[in-house]
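# Tertiary structure, described
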Amino acid sequence: MGPERALSLLALARKGGNIQLGEESTGAACRAGHARLILVAQDAADNAFRRARSFSGGGRIPFLRVPFGKEALGRACGRAVCAMAALTDVSLALAFVKALEQPERHEALLADLETRVLRVQKRRQEERAHRNNVKHGKK
C-alpha cells in the first residue's frame, strides 16, 4: 500500500459520488451532516486548515492533513487543484487512512473510524432485519 492506493481511492470516491471537493462543498457537507472525514492538502494555506478545523464541529468530524499537494489531490479527484475535500462514506474514509504511508501515525483516527464503520454495519443489518420482519412477519 502507499500513496498511489490512497489517491486511487479518492478517484473511486469521486466516481461513486462519495466525495465533496472544494471549501464550499466541504462546508456544506459538514453542515448537512454528510461528511465523515475532511482532507486538507499538505501545501494548502493555513487559513484552509483553520476552516477545516471549524468545519469539523469541535472534533465531531475528523480532519486530516494529507501528505499530498493540491495538484496531486486535485488530479486524483479529476480537477486541476484541490485544497480541501470531504469523504462522505465512512468505510471509504477508513480505507483511505489505512492506505496512507505510516497509518500507525493516525491510530486514534483509525480507531474512531473503525467504531463508526461497525455502527453503520450494525444499523444496516438492523434495517434489513426490520424490512424482512415487515415483509414476512416476525417469526
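Scroll up a little and you will see the structure.
Note that the structure is a prediction, hence the values are computed from the model and not measured. (Residues numbered from 1 in each chain as written. Predicted model: local features only at pLDDT ≥ 70, side-chain atom pairs only at ≥ 80, totals over all residues. Heavy atoms only, no water.)

The next subject is the overall build of the chain. Within the chain, the regular secondary structure consists of 6 helices and 4 strands. With respect to the three principal axes, the spread of C-alpha positions in the chain is 60 × 30 × 30 Å. A buried classification covers 40% of the 139 residues belonging to the chain. Relative to all contacts within the chain whose residues are 6 or more apart in sequence, the contacts with residues 24 or more apart total 74%. As presented, the chain carries roughly 8,200 Å² of accessible surface, and 47% of it is formed by carbon and sulfur atoms. With 25 positive and 14 negative side-chain charges, the chain shows a separation of 9 Å between the mean positions of the two kinds. (Helix = DSSP H or I, 4+ residues; strand = E, 2+ residues; numbered from the N terminus. Buried < 20%, exposed > 50% of the residue type's maximum accessible area, 1.4 Å probe, protein only. Contact = heavy atoms within 4.5 Å. Areas by Shrake-Rupley, 256 points an atom, 1.4 Å probe, with all protein chains shown as cover. Lys, Arg positive; Asp, Glu negative; His and termini not counted. Charge placed at Lys NZ, Arg CZ, Asp CG, Glu CD.)

A word on the environment of Thr26. Relative to the assigned elements, Thr26 resides in helix H2 (residues 23-32). Not counting residues within four places of it along the chain, the set of residues in contact with Thr26 comprises Gln20, Ile38, Phe55, Met84, Ala85 and Ala86.

Applying the stated rule across the entire model yields 3 salt bridges. Residue Lys98 pairs with Glu114 through a salt bridge whose shortest N-O separation is 3.8 Å. Separated by 16 residues along the polypeptide, Lys98 in helix H5 (residues 90-99) and Glu114 in helix H6 (residues 107-136) bring together distant segments of the chain. The exposure class assigned to Lys98 is partly exposed, which follows from its relative accessible area of 39%. For the salt bridge of Asp112 with Arg116, the shortest nitrogen-to-oxygen distance reads 3.1 Å. Linking Asp112 with Arg116, this pair stays in helix H6, spanning 4 residues, or about one helical turn. Among the residues examined, Arg116 registers a relative accessible area of 19% and is labelled buried. (Salt bridge = Lys/Arg side-chain N within 4 Å of Asp/Glu carboxyl O.)

All right, on to the pairing of strand S4 (residues 84-87) then. Because side chains alternate across S4, one face comprises the buried residues Met84 and Ala86, and the other comprises Ala85 and Leu87, equally buried. Sheet topology places strand S2 (residues 37-40) next to S4; 4 bridges connect them, and they run antiparallel. Across the sheet, Leu39 pairs through a bridge with Ala85, a residue of S4. (Pairing = 2+ DSSP bridges.)

Quick look at the state of the cysteines now. Within this structure, the stated rule accounts for 0 disulfides. Not engaged in a disulfide, the cysteine Cys77 finds its nearest cysteine sulfur in Cys82; these two sulfurs lie 5.2 Å apart. Under the relative-accessibility criterion, Cys77 is labelled buried at 1%. (Disulfide = S-S within 2.5 Å.)

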